[in-house]
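# Summary of structural features
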Amino acid sequence: MMSVSCALAFALYGYDAGVLGGVQNTKPFLDAIGPANTFRNPTGVYDIPMVASSYVLAATVISALVIFIGMPFGRRGCILIGDMCVIVGSAIQASAMSMPHIIAGRVICGFGIGFISSTVPTYMAEMGITKEQRGPEVAVQCAWLITGIAIAYWIDFGFTRTQHQISWRFPIAFQAVFAIVSFALLWFLPDTPRWYYARDRIEEGDSVLMLLHDKGIDDESVQMQRKEILSSIQMEAENENKLSLLSLIWDNTELRVGRRIRISFLILSIQQMMGINMLVYYSTRIFANIGLSPFLSQLLAAVMNTIFAIGTYFTPGTIERFGRRQIMLWTALGCGVSIMIFTIMIGLPNQTPATQWTAVAFVILYNLFYGYGWVGCPWLYGPEIAPLRYRHYTVCQMI
């Protein structure tokens, strides 16, 4: 139940990120959100990007806020709030009749995604009972995230064959299904044992540990994990191991708290700066700008994001064998070469079918490399090296 709830929450994250990309250039969508008598036609250079970026900005604000409220609210509480925000935001978006209307819905959905994306990886990592289980479990959740993007683009592709308002309203409203089911399942689940222990709720932490191990409190494996968590919390509570602004720059503490958080920030920031958000949000426009037809652009956008999702499913079975660092290093090289060739092809002055399809092939290959190495690994690497007390800091900043 826990895995399904978190998988749906992450699929929702991916679906919400991708759903607008497949409908934002269609006539029914543009007619609905920008008739001249309500606001203005959304044909300006900055209009559609403003609709898309409002979601990202809202998620960024909330992810920063979670740094301060993540521990008081708990992992479970943050995910529940996120699901509720998405349910409300999707209803507002699906009923939108103007640009301000849909931007309001996108902002509320962004708030929800900020809570979800900042918390689900930490929740799953802290619910793992062995190191071998933790890596593949988080990688599977991240695979669901990208699967949500692929689902969004295929639903968009199917519904945009019509010229009715349902062609974009249904795909946007459908994201509420993920949120409702995720919320319903998570409602019956506890928070993580690490969070309970950190909040000095020892009995509840013991109960969750027993449920995770399916054994009594006196069992050796339960006691071992319990002592490990409590000793970690005690060590992090010592004054010399507490985080300070100075330690983020120069860290000489025993636990190297500032250095570990600094490395986590860097890895997760690189993940976001590799250009994948642009490829997801504007997949259809990218192929159209290459010179392909609207139909082919929408079809290739769905295919590209499906291959993106396929790449993520290689991670769970290999992440423990090859290690996080090796996978990220080699796939970063593959991403760099692929995007370089893509850029060269679209920058050539005399475009031909050969240059167009070469560009298509390498941008799809970029997504495959990125899906394998830079979706699951950073989400796992950041929280794993961070101290328990500040673990949510590392994930919150990546939005």
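Report follows, based on the coordinates. (Residues numbered from 1 in each chain as written. Predicted model: local features only at pLDDT ≥ 70, side-chain atom pairs only at ≥ 80, totals over all residues. Heavy atoms only, no water.)

With that settled, the discussion passes to unusual backbone geometry. Positive phi outside glycine occurs at D200, with the angle close to 65°. By the secondary structure assignment, D200 is in the loop between α8 (193-198) and α9 (202-213). When its relative accessible area of 62% is taken as the criterion, D200 is described as exposed. We note that D214 has phi near 55°; this positive angle belongs to a residue other than glycine. Residue placement: D214 occurs in the loop between α9 and α10 (220-237). Since its relative accessible area comes to 69%, D214 is described here as exposed. (Helix = DSSP H or I, 4+ residues; strand = E, 2+ residues; numbered from the N terminus. Buried < 20%, exposed > 50% of the residue type's maximum accessible area, 1.4 Å probe, protein only.)

For the rest of this paragraph, the subject is the pattern of salt bridges. For side chains bearing opposite charge, pairing can occur when the charged atoms are close. Following the criterion strictly, the structure yields six salt bridges and no others. The residue R106 makes a salt bridge to D16 at a minimum N-O spacing of 3.5 Å. Of this pair, R106 sits in helix α4 (residues 99-127) while D16 sits in helix α1 (residues 2-23), placing them 90 residues apart in sequence. Residue R106 is classed as buried on the basis of its relative accessible area, which comes to 1%. D31 serves as the salt-bridge partner of K27, at 2.7 Å between the closest nitrogen and oxygen. Placement of both K27 and D31 in helix α2 (residues 27-33) is noted, with a separation of four residues, approximately one turn of the helix. With relative accessibility at 40%, the residue D31 sits in the partly exposed group. (Salt bridge = Lys/Arg side-chain N within 4 Å of Asp/Glu carboxyl O.)

Now for the nonpolar core. Of all hydrophobic cores here, the largest spans 89 residues; its most connected members are Y123, W168, F287 and Y370. In terms of residue count, the dominant contributor to this core is α1 (13 residues). If near-sequence neighbours (up to four positions away) are discounted, Y370 is found in contact with Q271, M274, I276, F308, C335 and V375. (Core = buried A, V, L, I, M, F, W, Y, C linked by side-chain atoms within 4.5 Å. Contact = heavy atoms within 4.5 Å.)

Between helix α15 (residues 315-322) and helix α16 (residues 324-347), the least distance of the axes is 7 Å, while the angle of their chain directions is 110°. The angle between α15 and α16 falls in the class roughly perpendicular. Here α15 contributes T318, I319, E320 and F322 to the contact with α16, which in turn contributes R324, Q326 and I327. Its residues assigned to classes, the contact of α15 with α16 shows three nonpolar, two polar and two charged. (Axes fitted to C-alpha atoms, helices over the stretch in contact; angles between N-to-C directions. Parallel < 35°, antiparallel > 145°, perpendicular 65-115°, else oblique. Nonpolar A, V, L, I, M, F, W, Y, C, P; charged D, E, K, R; others polar.)

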